[in-house]
Amino acid sequence: MTSHTLNELIAEGVRGRYILVRSDLNVPLDGSTVTDDGRIKASLPVLAKLTDAGARVLVTAHLGRPKGAPEDKYSLRPAADRLAELAGFKVTLAADTVGDAAKSAAASLQDGEALVLENVRFDARETSKDDAERGAFADELVALTGSNGAYVDDAFGAVHRKHASVYDVATRLPSYQGDLVHTEVEVLRKLTTDTQRPYVVVLGGSKVSDKLAVIANLIGKADTILVGGGMLFTFLAARGHKVASSLLEEDQIPVVQDYLKRAADAGTVFVVPTDVVVAEKFAADAAHETVAADAIEGSSFGAQGIGLDIGPDTAAAFAEQIKGARTVFWNGPMGVFEFEAFSAGTRAIAQALTETDGFTVVGGGDSAAAVRTLGFADDQFGHISTGGGASLEYLEGKELPGLSVLDR
Ligand SMILES: Nc1ncnc2c1ncn2[C@@H]1O[C@H](COP(=O)(O)OP(=O)(O)OP(=O)(O)O)[C@@H](O)[C@H]1O
Ligand SMILES: O=C(O)[C@H](O)COP(=O)(O)O
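Computed from a predicted structure; not experimentally measured. (Residues numbered from 1 in each chain as written. Chains lettered and ligands numbered in written order. Predicted model: local features only at pLDDT ≥ 70, side-chain atom pairs only at ≥ 80, totals over all residues. Heavy atoms only, no water.)

Chemist: How do you make sense of the nonpolar core when you look at a structure like this?
Modeler: For soluble globular proteins, nonpolar side chains are generally found buried alongside one another. Counting 71 residues, the largest nonpolar core has Val-202, Phe-235, Leu-236, Phe-270 and Trp-330 as its most contacted members. Take this core: its biggest share by element is 6 residues, from helix α8 (residues 232-238). Apart from residues lying up to four places away in sequence, Leu-236 is in contact with His-241, Val-243, Val-272, Pro-273, Val-276, Ala-293 and Ile-296. If you look at the next biggest cluster of nonpolar residues, it comprises 33 residues, including Leu-6, Leu-47, Leu-63 and Leu-83. (Core = buried A, V, L, I, M, F, W, Y, C linked by side-chain atoms within 4.5 Å. Buried < 20%, exposed > 50% of the residue type's maximum accessible area, 1.4 Å probe, protein only. Helix = DSSP H or I, 4+ residues; strand = E, 2+ residues; numbered from the N terminus. Contact = heavy atoms within 4.5 Å.)

So this is what it looks like as structure tokens:
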């Protein structure tokens, strides 16, 4: 199956037409400062191609996980401002998504300009499980494009979401695959069809249940899965250890126990940390100490202790595995890398990826931000993907709604 490409859309002619583009502008923020603009830079080429060709571009995007209503801290303002700084064309932000502000800003948009609509997740219908609700929101987005609109999906990081701005709009408008989605899919396709072994997957981050759901299908595909970040505590708990106040998804314990059992039969090895950095509280300057992974409650902070990084022994063991690999896929920081005191594990893993001869892929908004803020350059890795959950779901062979809806 193939999708219509952006070049086909440009060849059809876009001057004066409203083109709805879904971008992934879900960037990490420190207050109103964008701390890593990788996703914005990655979104720029498609927007520039369209505005160069005279299109009136309506950009839809999400930021964070607001609860279906406007919240200042999830405004796309910082991302839109950064986009405006980087772009060679006019970029403005509408004060709402499909309301009066968006309608009037869209109406006064000129050829070659882009209008970012406010966070699509400020409307609960965007992520609704109910097809009719999502459809009604998609209808309102599509209405902004007038009678001759088209849709371009360039938000690779969100293609695994069956959301109105990703999926439903594509069923209502002539739809095209953006260049970023195209490139990302090509790299990951190569990784799945021509996997050089040993194939090591490194997992961390904080979206524990999201990611646990995905790794089921990596069992049997990956040779080794290294478990760090927030999800490591559910693995420790599954082995019967106490994890004090660390991030734990108790209802996922049986799921992990099942994974551990299945992995043994399928020839995939899960490597779980042997030591952990435990902090007194979740803060940059928190007192902390390294303890054995099976003795987290035995730290000086007792039941209050929070595991915020993998320990040095674990980091060294993970690095060994990575250096011996021919293919490495990494999603999710090993610890709370945003705090210097808890960034060593993530730094060690990034360093190991730069030292292996294998093909390396780093996936995810925060994972990409981590390697950049820790001083690594993009070209030290085989590929830095804008999608974390999205690339994991692609690798496990799942059908991704945002991709399949574009198939002809
Ligand atoms: N032990 C931990 N406890 C709490 N948070 C953690 C821990 N380890 C890592 N994190 C946090 O995980 C966050 C990143 O997780 P996330 O799963 O969103 O990764 P990602 O690379 O952005 O992937 P995606 O693109 O799917 O969102 C970071 O902000 C980091 O501070
Ligand atoms: O950060 C991401 O992985 C994408 O922007 C998707 O965000 P989500 O996991 O909140 O849907």
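Chemist: Got a minute to help me understand the packing of aromatic side chains in this structure?
Modeler: Working definition: an aromatic ring pair is given by the centre-to-centre distance plus the angle between the planes. A full pass over the atoms with the stated rule returns 3 aromatic pairs. Ring centres 5.4 Å apart and planes at 65 degrees place the aromatic pair Phe-282 and Phe-339 in the edge-to-face group. Placement of Phe-282 in the loop between β12 (275-279) and β13 (288-292) and of Phe-339 in the loop between β15 (327-331) and α11 (344-355) is noted, with a sequence separation of 57 residues between them. Given a relative accessible area of 52%, Phe-282 falls into the exposed group. A residue is classified by how much of its surface remains accessible, and Phe-339, at 18% relative accessible area, is buried. Ring centres of Phe-376 and Phe-381 lie 6.2 Å apart, and the angle between their planes is 65 degrees; this geometry places the pair in the edge-to-face category. Accessibility assignment for this pair places Phe-376 and Phe-381 in one class, buried. For the cation-ring pair, Lys-162 lies above Tyr-167, with the distance from its terminal atom to the ring centre recorded as 4.8 Å. (Phe/Tyr/Trp six-rings, centres within 6.5 Å; stacked < 30°, edge-to-face > 60°. Lys NZ or Arg CZ within 6 Å of the ring centre and 35° of its normal.)

Chemist: Even after reading the chapter, I still don't get the environment of Glu-184, so can you show me in this structure?
Modeler: The topology assignment puts Glu-184 in helix α6 (residues 179-193). Sequence-wise, Glu-184 and Gly-157 are 27 residues apart; in three dimensions their C-alpha atoms are separated by 9.6 Å. Other than its neighbours up to four places away in sequence, Glu-184 contacts Phe-156, His-383, Ser-385, Thr-386 and Gly-387.

Chemist: Looking at this structure, I do not really get the sheet that holds β12. What am I missing?
Modeler: By definition, the strands of a sheet pair up through backbone hydrogen bonds, in either a parallel or an antiparallel sense. If you trace the 3 strands from one edge of the open sheet to the other, you get β13-β12-β14, paired in antiparallel fashion. Every interior strand has two partners, whereas the edge strands, β13 and β14 (306-310), have only one. Between one strand axis and the next, the sheet turns by 40 degrees as a mean value, whatever way the strands run. Pairing of β12 with β14, which is carried by 4 bridges, proceeds in the antiparallel orientation. Within β14, the residue paired with Val-277 across the bridge is Asp-309. Against the sheet, helix α10 (residues 312-323) engages β12, β13 and β14, with an angle of about 35 degrees to β14. (Pairing = 2+ DSSP bridges. Axes fitted to C-alpha atoms, helices over the stretch in contact; angles between N-to-C directions.)

Chemist: Explain the UniProt feature "binding site: ATP" (unreviewed entry) in the protein here, please?
Modeler: Those residues carrying the UniProt feature "binding site: ATP" (unreviewed entry) are Lys-211, Gly-307, Glu-338, Gly-364, Gly-365, Asp-366 and Ser-367 in this numbering. Inspection of the secondary structure puts Lys-211 in helix α7 (residues 208-215). For Lys-211, a relative accessible area of 8% corresponds to the buried category. With sequence-adjacent residues up to four places away left out, Lys-211 is seen in contact with Met-231, Asn-331, Gly-389 and Leu-392. (UniProt positions renumbered as here; feature names shortened; annotations may be inferred.)

Chemist: How should I be thinking about the UniProt feature "binding site: substrate" (unreviewed entry) in the protein in this particular structure?
Modeler: UniProt marks Asp-24, Leu-25, Asn-26, Arg-39, His-62, Leu-63, Gly-64, Arg-65, Arg-121 and Arg-161 with the feature "binding site: substrate" (unreviewed entry), using the numbering shown here. Among the structural elements, Asp-24 can be located in the loop between β1 (18-22) and β2 (29-30). Of the residues examined, Asp-24 reaches a relative accessible area of 4% and is grouped as buried. Look past the residues within four positions of Asp-24 in its chain and what remains in contact with it is Arg-39, Ser-43, His-62, Ala-155, Gly-157, Ala-158 and Thr-386. Among the polar contacts listed, one links the side chain of Asp-24 to the backbone nitrogen of Asn-26, at a separation of 3.0 Å. Mapped onto the elements of the fold, Arg-121 is located in the loop between β6 (114-116) and α5 (131-143). By relative accessible area, which is 8% here, Arg-121 ends up buried. Setting aside residues no more than four positions away along its own chain, Arg-121 makes contact with His-62, Gly-64, Arg-65, Pro-66, Gly-68, Ala-69, Glu-126, Thr-127, Arg-161 and His-163. Among the polar contacts made by the side chain of Arg-121, one reaches the main-chain carbonyl oxygen of Gly-64 at a distance of 3.0 Å. (Polar contact = N/O pair within 3.5 Å; in protein donor to acceptor, adjacent residues only side chain to side chain.)

Chemist: Even after reading the chapter, I still don't get the site of ligand 1, so can you show me in this structure?
Modeler: Taken together, 22 residues sit near ligand 1, with Lys-207, Lys-211, Glu-338, Ser-367 and Gly-389 positioned nearest. Take Arg-39: an N or O atom from its side chain is 3.4 Å from an oxygen atom of ligand 1. At a separation of 3.4 Å, an oxygen atom of ligand 1 approaches a polar side-chain atom of Asn-331. Burial of ligand 1 by the surrounding chains reaches 90%, relative to a free accessible area of 650 Å². Mapped onto the shell around ligand 1, the elements with two or more residues apiece are β14 and α12 (365-373). Considering every element that reaches the shell around ligand 1, the biggest residue donor is α12, with 3 residues. (Near = heavy atom within 4 Å. Areas by Shrake-Rupley, 256 points an atom, 1.4 Å probe, with all protein chains shown as cover.)

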